[in-house]
Amino acid sequence: MFDLAVVSLLVVALACVLMPAQLSVLVKFPNQLVLPVVDVLNTLIGWINATFSPFFRWCGNVLGYLIRLLDRALANTPWQVIVGVVGYLAYRAAGLKLALLTIATALYVVLVGYWTETLRALTLVMFALPIAVLIGFAAGVLAYMNRWLASAIDAILDFMQTVPAFAFLVPMIVLFGFGPVPGVIASVLYAAPAMARNVRLGLELTPTEVIDAALISGCTRVQTFFWVKLPCASRQILLGLNQTIMATLSMVIFAAAIGGFEDIGWEVLRAARRAEFGNGILAGIIITMLAILLDRITSALATNPAYADRRSKWKQDVCCLGAIVL
């Protein structure tokens, strides 16, 4: 029976290919049966924009002001200081080798002339990352605590992770207008699911023996969550932070399409439009090196929890930081 149905479908398909004019009813779907989904969505987005536009514009103006304030602060900071601080953080996270790699990367950015554009890209990441981490952490905790909410949250996260990146930008432009703010919001929506899933997974992997021991010791639910479950899940949460950073950085080029912020993503986009092979390669290498550095630093924090136990005298740390800056 199944084979007959398959053969029948193949015969009908072959007939449609050979006689498209005679079988136009089968070849082309009737326009009168097409649902007006696009019109409904446009009407809905237009109503949201007309009703809540002042609120979204106000939020966009505040966030845009903060972004530009941080951009000016970084632009006015000597590059030697920024290189020294970042190199010191890399040293504290994973040792001398990563610190030297970080300093070499920063010097490469300076020497090829993309220092300002790179700082602007990092500004967007610095704003999008905390928001994505907070939203993802809250969603992961809610999904862990309530199995009814978990199904709805999983569906939302699946939707956020499967929708193309550019699809996030379209409604953001309508609500917030052009500029860096829609890019930041789109980056948050794209990056938050990674944090949410890792937080939930880390909490679910907490050994039941440890939880039982905490409850027997007299810990309340709140104390058990903060003193037992979160520390046990810290490794998975740090891995989620690593993935969130990577997802946020990957949105830099997409955000540049509407941001007009003249960051490193905008340089890649402009080089592609003008077919400037050299500039595109240089800017692309910078984004790749930034991703590698962020991955190495956060991976060191996630896979080597003992880094926090490395104690040294404060004079040693100050001397090291001064040496890097100089």
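Residues numbered from 1 in each chain as written. Predicted model: local features only at pLDDT ≥ 70, side-chain atom pairs only at ≥ 80, totals over all residues. Heavy atoms only, no water.

Novice: Mind showing me how you'd approach the overall build of the protein chain here?
Specialist: Secondary structure summary: the protein chain contains 15 helices and zero strands in total. Sequence-distant contacts, at least 24 apart, represent 75% of the contacts inside the protein chain between residues at least 6 apart. Per element, the accessible surface of the protein chain, about 19300 Å² overall, is 71% carbon and sulfur. (Helix = DSSP H or I, 4+ residues; strand = E, 2+ residues; numbered from the N terminus. Contact = heavy atoms within 4.5 Å. Areas by Shrake-Rupley, 256 points an atom, 1.4 Å probe, with all protein chains shown as cover.)

Novice: Looking at this model, I keep getting lost on a nonpolar patch on the surface. Mind explaining?
Specialist: Judged by side-chain polarity, Leu35, Val37, Leu41, Leu44, Trp47, Phe52, Phe55, Trp58, Val62, Tyr65, Leu66 and Leu69 come together as a nonpolar surface patch covering roughly 1200 Å² of accessible area. Looking at the secondary structure, you find Leu69 in helix H3 (residues 37-75). (Patch = residues over 30% accessible without salt bridge, like charges linked within 9 Å, V, L, I, M, F, W, Y side chains within 5 Å. Salt bridge = Lys/Arg side-chain N within 4 Å of Asp/Glu carboxyl O.)

Novice: What should I look at first to understand the packing of helix H10 (residues 208-216) against helix H11 (residues 221-250) in this one?
Specialist: One way to put it is that H10 packs onto H11 with a least axis distance of 10 Å and a crossing angle of 160°. On the basis of the axis angle, H10 is roughly antiparallel to H11. With respect to the hand of their crossing, H10 and H11 are arranged in right-handed fashion. Residues Val210, Ile211, Ala214 and Leu215 of H10 pack against Thr224, Val228, Lys229 and Cys232 of H11. Residue composition of the contact of H10 with H11, by class: six nonpolar, one polar and one charged. (Axes fitted to C-alpha atoms, helices over the stretch in contact; angles between N-to-C directions. Parallel < 35°, antiparallel > 145°, perpendicular 65-115°, else oblique. Left-handed = near helix turned anticlockwise from the far one by under 90°. Nonpolar A, V, L, I, M, F, W, Y, C, P; charged D, E, K, R; others polar.)

Novice: How should the confidence of the model for the protein chain be read in this particular structure?
Specialist: It should be kept in mind that the predicted coordinates are not to be read in detail where pLDDT is low. The predicted model of the protein chain averages 78 in pLDDT, with 84% of residues at 70 or higher. Of the regions scoring below 50 in pLDDT, residues 307-326 engages in 24 contacts with residues more than four places distant in sequence or in other chains. (pLDDT = per-residue confidence, 0-100.)

Novice: Please clarify how helix H5 (residues 96-111) should be interpreted in this entry.
Specialist: Between the first and last C-alpha of H5 there are 22 Å, a value that for 16 residues agrees with the 22 Å anticipated at 1.5 Å per step. Among the residues of H5, Leu98, Ala99, Thr102, Ile103, Thr105, Ala106 and Val109 are the ones counted as buried. Down the axis of H5, the smallest arc covering the buried residues is 160°, so these residues share one side. Residues of H5 that are exposed and point more than 90 degrees away from the buried face comprise Leu96, Lys97, Leu100 and Leu111. One or two positions beyond H5, positive phi appears at Gly113, with a value near 85°. (Expected span 1.5 Å × (residues − 1). Buried < 20%, exposed > 50% of the residue type's maximum accessible area, 1.4 Å probe, protein only. Arc of directions from axis to C-beta.)

Novice: Got a minute to help me understand the nonpolar core in this structure?
Specialist: The nonpolar side chains of soluble globular proteins are, as a tendency, buried together. Formed by 19 residues in total, the largest nonpolar core has its most connected members in Leu63, Ile67, Phe176 and Val184. The set of elements that each furnish at least two residues to this core consists of H3, helix H6 (115-145), helix H8 (165-176) and helix H9 (180-204). Per element, the largest residue contribution to this core is six residues, and it comes from H9. Apart from residues lying up to four places away in sequence, Val184 is in contact with Leu63, Ile67, Leu124, Phe127 and Ala128. By size, the runner-up hydrophobic cluster in this structure holds 18 residues, among which are Tyr114, Val268, Ile286 and Ile287. (Core = buried A, V, L, I, M, F, W, Y, C linked by side-chain atoms within 4.5 Å.)

Novice: In this structure, what is going on with the packing of aromatic side chains? I would like to understand it.
Specialist: Two descriptors summarise a pair of aromatic rings, namely the distance from one centre to the other and the angle between the planes of the rings. Within this structure, the stated rule accounts for two aromatic pairs. Ring geometry for Phe55 versus Phe56: centroids 5.7 Å apart, planes at 65°, classification edge-to-face. By relative accessible area, which is 19% here, Phe56 ends up buried. The interplanar angle of 90° and the centroid separation of 5.1 Å between the aromatic rings of Phe225 and Phe226 together place this pair among those described as edge-to-face. (Phe/Tyr/Trp six-rings, centres within 6.5 Å; stacked < 30°, edge-to-face > 60°.)

Novice: Mind showing me how you'd approach the environment of Asn242 here?
Specialist: Position of Asn242 among the secondary structure elements: in helix H11. Sequence spacing of Asn242 and Arg296 is 54 residues, and the spatial spacing of their C-alpha atoms is 9.1 Å. What Asn242 contacts, discounting residues up to four positions off in sequence, is Leu294, Asp295, Thr298 and Ser299.

Novice: In this structure, what is going on with the layout of surface pockets? I would like to understand it.
Specialist: Empty space left among the atoms is revealed by rolling a probe the size of a water molecule over them. Taken as a whole, the largest pocket holds about 800 Å³ of empty space. Along the walls of the largest pocket sit 29 residues, with Val86, Leu89, Leu122, Leu294 and Ile297 positioned nearest its centre. For the lining of the largest pocket, the secondary-structure elements that each account for two or more residues are helix H4 (79-94), H5, H6, H11 and helix H14 (277-303). Considering every element that reaches the lining of the largest pocket, the biggest residue donor is H4, with eight residues. Of the residues that constitute the lining of the largest pocket, the class distribution is 24 nonpolar, four polar and one charged. (1 Å grid on protein atoms, 1.4 Å probe; cavity = no way out; pocket = protein on both sides within 12 Å on 5 of 7 lines; lining within 4 Å. Points joined across faces, edges and corners; volume = space filled by probe spheres on them.)

Novice: Hey, could you run me through the pattern of salt bridges in this one?
Specialist: Side chains carrying opposite charge are able to pair once their charged atoms draw close together. Evaluated as defined, the whole model comprises five salt bridges. Asp154 is paired through a salt bridge with Arg200; the nearest N and O atoms lie 2.8 Å apart. You can see Asp154 sitting in helix H7 (residues 147-162) and its partner Arg200 sitting in helix H9, a full 46 residues away along the chain. A relative accessible area of 22% places Asp154 in the partly exposed class. The salt bridge partner of Glu204 is Arg200, with a shortest N-O separation of 2.9 Å. Within this pair, Glu204 and its partner Arg200 are both found in helix H9, separated by four residues, close to a single helical turn. Among the charged side chains, a network of salt bridges with common partners joins Asp154, Asp158, Arg197, Arg200 and Glu204.

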